[in-house]
Amino acid sequence: MAQDVSAGLRLGSILPVTAGVNPAGHLTLGGCDTVELAAEYGTPLYVFDDETLRAQCRAFTTSFGHRHPSTMVAYAAKALAGLAVLRLVAEEGMGLDVVSGGELAVALAAGFPPERIHLHGNNKAPSELREALDAGIGRIVVDNLDELALLDRIAGECGVTASILLRLSPGVDPHTHHKITTGILDTKFGISIQTGDAETAVIQALASPHLELLGFHCHIGSQIFEKEAYVETVEVMLGFAARMRDRHGYTLQEFSPGGGFAVQYVAGAPPPDPDVYAELVVDALHAACEAHGLPLPKLFVEPGRSIVARAGVALYTVGSHKEIPGVRTYVSVDGGMADNIRPAIYDARYEALIAGRAAAEPGDIVTVAGKYCESGDILIRDIALAEPRAGDILAIPASGAYCVPMASNYNAALRPAIVFVKDGAARLVRRRETYEDLLRTELG
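Residue numbers restart at each chain and count upward from 1, following the sequence in its written direction. Where totals are concerned, whole chains, interfaces and linings use all residues; where local detail is concerned, this predicted model gives features only for residues with pLDDT of at least 70, and gives and counts side-chain atom pairs only at 80 or more. Side-chain metrics rest on all non-hydrogen atoms present in the structure, leaving aside hydrogens and water.

Caption draft 1: Spotlight on the sheet that holds strand β3 (residues 32–33). Any two strands with at least two DSSP bridges between them are considered paired. Put simply, DSSP H or I for four residues or longer makes a helix, DSSP E for two residues or longer makes a strand, and each gets a number counted from the N terminus. Spatially, three strands are ordered β1-β2-β3 in an open sheet, and the strand pairing comes out antiparallel. At either margin of the open sheet sits one strand with a lone partner, and together these are β1 (20–21) and β3. For strand β2 (residues 27–29) and β3, the ladder comprises two bridges, and the chain directions are antiparallel. Across the sheet, residue L29 finds its bridge partner in β3, namely C32.

As structure tokens, then:
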């Protein structure tokens, strides 16, 4: 793994591994001065560190591959889908999870090997299923009984056999935020083991001449710190696999416990290391297979945001101040919920620092507000910053996952530019939108 030169920097465990402070006192990423990046490319600006991205890919592939050689680690396109990042993870030998025809189109445009792509989603359109079959992707992860019948019909019409995994709901609560909990009974995702629908899906899949059932998939949530939840999930899923062998003669070939591994957003809340997750999952898998007399399956894991979150830093320009004596001081920036809606919908918490005085000690408590016309447009509530002034560049670490994909044109905002940095050089990989872009689809 790359050497972490950010260790001596405040927020060093959250910033990219190449983060540092130059003689001018400015935050640097990948050897690039963030204040200069903001001046050249404008703000809001999302800066991604190539070295951190690759280090995270390698940390997970090594940790799991060492313990279970027949493993594919898959990047989740929903965390950040763009040509640059998808080409990078493809170069690192990873697989890819997509959840829409649009993400699949971007992946194919990036040259991602289709056989390493899995298509997820709880309501795939017939057109998306056909696109996936036409592209020859590796697996379609079937989410419900309706989709199973739909895919069976479409595969038959196309004259192909679709390789599938069944996404099952194991009924495990990982005790994360309720909006990102996905493996309990009351969820829109997956086929429930508890209700008997999962067994029905196995029977129907095995009976179809157009479907090849390769294994089972589940995903219990996101941003999971509770390690024991993975052990329980593996035990439930492999117990179900053993019952399907005994009742229907089906032998599990492939298995995915999903991912949702946590990342660090705030000081004092470090996540488990990739090695910890790998040891838990692989040990539980091997133990369950031995207990049930099952052969070891091929393993798919999906680290999700853990690959890309730390690699990204959002840069904003500080604007107006509003002090309410005895109540609160608001510091507004030139972005907000249009480029990062996570605080508004998930109560997500971030750290920040003034990029031009990166080594300065934090000062007064302020609330960082966005510029959009919503009272809920607050990026960070009550954070100590080093005397933020108009024109300062505010850096928010751990902004690499979900911020950009969930960005919108609310208030006719222009979605931000993205640069990749490496060895002192910056590469613009997505330009900022223009007013012309906003009007491009309008027909009057």
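Right, picking up where we left off after that structure.
Caption draft 2: Focus on the pattern of salt bridges. When a carboxyl oxygen of Asp or Glu lies within 4 Å of a side-chain nitrogen of Lys or Arg, that pair is called a salt bridge. Tallied over the full model, the rule gives 17 salt bridges. A salt bridge links E254 to R139, with the nearest nitrogen and oxygen atoms 2.6 Å apart. Taken together, the residues span a long stretch of sequence, with E254 in strand β12 (residues 254–256) and R139 in strand β8 (residues 139–142) at a distance of 115 residues. Each member of the pair, E254 together with R139, is buried. A salt bridge links D382 to R328; its shortest N-O distance comes to 2.6 Å. You can see D382 sitting in strand β18 (residues 378–384) and its partner R328 sitting in strand β15 (residues 328–333), a full 54 residues away along the chain. Only protein chains enter the accessibility calculation, which uses a 1.4 Å probe; a residue whose area is less than 20% of its type maximum is buried, one above 50% is exposed, and one in between is partly exposed. A residue is classified by how much of its surface remains accessible, and D382, at 38% relative accessible area, is partly exposed. One network of salt bridges, in which partners are shared, links D50, R54, R58, E91 and E92.

Caption draft 3: Summary view of the environment of S256. Residue placement: S256 occurs in strand β12. When the C-alpha positions of S256 and L394 are compared, they lie 39 Å apart, and in sequence the two are 138 residues distant. With sequence-adjacent residues up to four places away left out, S256 is seen in contact with F216, H217, C218, F300 and E302. A 3.5 Å cut-off defines polar contacts: any pair of N or O atoms within that distance qualifies, except that in protein one atom must be a possible hydrogen donor and the other a possible acceptor, and neighbouring residues in sequence count only when both atoms are side-chain atoms. Reaching out from S256, the side chain makes a polar contact with the side chain of E302 at a distance of 3.3 Å. Contacts were defined at the residue level, with two residues in contact if any of their heavy atoms lie within 4.5 Å.

It is worth stressing that arrangement in space is one thing and function is another; only the former is reported here.
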